[in-house]
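# Chain and residue survey
The lines below spell out each chain.
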Amino acid sequence: MEDAFGLIVPCATALPGYEAALAQGWSPNTTRDVSAEELARLRADPAAFLRAVLHPPPTITMADGSEVPRLPGCVLWMWDGAFCGAINLRHQFGTEALPPHVSGHVGYAVVPWKRRRGYATRALALMLPVAARAGLARVELTCDADNDASRRVIEANGGVRQPGLRDAEGHPKLAFWVPTGRPDA
Ligand SMILES: CC(C)(COP(=O)(O)OP(=O)(O)OC[C@H]1O[C@@H](n2cnc3c(N)ncnc32)[C@H](O)[C@@H]1OP(=O)(O)O)[C@@H](O)C(=O)NCCC(=O)NCCS
């Protein structure tokens, strides 16, 4: 029987499931396919890989290869007794604004064999209080205009669509604000 679904801090217990997901081509990053490069780093040194997940380097590589500063934030893994996916939060202290290269406060990806079970919807719901504790009254999320699953995840969590389309490297994106439930919102 599977355990209850929740978010966990990345840990050695869940690492084999994360590795198996990478080995099957799953990428935690939805703007750039990082599965092969992460798999190589994980297999070279699992402990160092986990340390880097928990304490990532100060810069991040964009899809065009450029390096930009990494925002504060956290990554949590989805877990139902097995590894199910990842969700991350990134933000700037004291403001809800994001730099132009950051496509939203929250990103998530579920492994293909655990999709359509409500996991992404529940993961976002569990991440909202984390965002509230980081000082955010609302988070901005974007998804490709044709990503119905992600749009429904956002709407199920109270997402309110912003007018127009956001252009992200040639892809039309829908943008939403999702309230975090922070009482001073
Ligand atoms: C988007 C994604 C995270 C959704 O994960 P999930 O755990 O399957 O989502 P849920 O089970 O919570 O489903 C949310 C809703 O989307 C619907 N849905 C799920 N997959 C769908 C699909 N392929 N097409 C249409 N609707 C879909 C579900 O039926 C559900 O609808 P409902 O609330 O009306 O019942 C997952 O498909 C994924 O990892 N995709 C690749 C990465 C990605 O696109 N990340 C988001 C970037 S913005």
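Please refer to the structure placed before this passage.
Residues numbered from 1 in each chain as written. Predicted model: local features only at pLDDT ≥ 70, side-chain atom pairs only at ≥ 80, totals over all residues.

Bringing the overall build of the protein chain into the picture now. Looking only at helices and strands, the protein chain has 5 helices and 10 strands in total. For 185 residues, the compact-globule estimate of 2.2 N^0.38 gives 16 Å, and the C-alpha radius of gyration of the protein chain, at 16 Å, lies within 12% of that figure. Based on the C-alpha atoms only, the size of the protein chain along its principal axes is roughly 45 × 40 × 30 Å. In the protein chain, once contacts between residues fewer than 6 apart in sequence are set aside, the share between residues at least 24 apart is 58%. (Helix = DSSP H or I, 4+ residues; strand = E, 2+ residues; numbered from the N terminus. Rg over C-alpha atoms; globule rule 2.2 N^0.38 Å. Contact = placed C-beta atoms within 7 Å.)

Hydrogen bonds between backbone atoms are what pair the strands of a sheet, whose relative direction is either parallel or antiparallel. With respect to topology, 4 strands assemble into an open sheet ordered β1-β4-β5-β6, the strand pairing being antiparallel. Either end of the sheet is taken by a strand with one partner, and the two such strands are β1 (6-8) and β6 (106-110). Going from strand to strand, the sheet's axes swing by 25° on average, the running direction of each strand aside. Relative to strand β4 (residues 73-79), β1 runs antiparallel, the two being bridged by 3 bridges. Pairing of L7 across the sheet is with M78, part of β4. Sheet contacts for helix α4 (residues 119-133): β1, β4, β5 (83-90) and β6; angle to β5, the most-contacted strand, approximately 35°. (Pairing = 2+ DSSP bridges. Axes fitted to C-alpha atoms, helices over the stretch in contact; angles between N-to-C directions.)

With respect to spatial proximity, 19 residues lie near the ligand, and among them R115, A120, T121, A149 and R152 are the closest. Secondary-structure elements contributing two or more residues to the shell around the ligand are β6, α4 and α5 (148-156). Sort the elements by how many residues they give to the shell around the ligand and α5 lands first, with 6 residues. (Near = placed C-beta within 6 Å.)

The subject of this paragraph is α4. The end-to-end C-alpha distance of α4 is 22 Å, a good match for the 21 Å that 15 residues give at a rise of 1.5 Å each. By the burial criterion, the buried members of α4 are Y119, A120, A123, L124, M127, L128 and A131. (Expected span 1.5 Å × (residues − 1). Buried ≥ 20, exposed ≤ 12 C-beta atoms within 10 Å, placed from the backbone.)

Turning next to the nonpolar core. Counting residues in hydrophobic clusters, the biggest one holds 39 residues, and the most contacted among them are M78, I87, A123 and L124. Once you skip the residues sitting within four places of it in the chain, A123 turns out to touch L7, M78, I87 and Y108. (Core = buried A, V, L, I, M, F, W, Y, C linked by C-beta atoms within 7 Å.)

The buried fraction of β5 amounts to 7 of the 8 residues, a majority that puts the element mostly inside the structure. In the sheet, β4 pairs with β5 via 7 bridges, with the strands oriented antiparallel. Directly across from V75, in β5, lies its bridge partner N88. Joining the antiparallel neighbours β4 and β5 is a turn of 3 residues, in which G81 adopts a positive phi near 105°. Where β5 lies against β6, 5 bridges are found, and the strand directions are antiparallel. Looking at the pairing, I87 lines up with Y108 of β6.

This next bit is on unusual backbone geometry. The phi dihedral of R116 falls on the positive side, at around 60°, and the residue is not glycine. Assignment of secondary structure puts R116 in the loop between β6 and α4. R116 sits in the exposed class, given 9 other C-beta atoms within 10 Å.

On to the environment of R90, then. Mapped onto the elements of the fold, R90 is located in strand β5. Residue R90 is classed as buried on the basis of its C-beta count, with 21 C-beta atoms lying within 10 Å. Taking the C-alpha atoms as reference points, R90 and H105, separated by 15 residues in sequence, lie 5.0 Å from one another. Dropping the residues within four chain positions of it, R90 is found in contact with L71, G73, V102 and H105.

On their own, these measurements won't tell you what the molecule is for.
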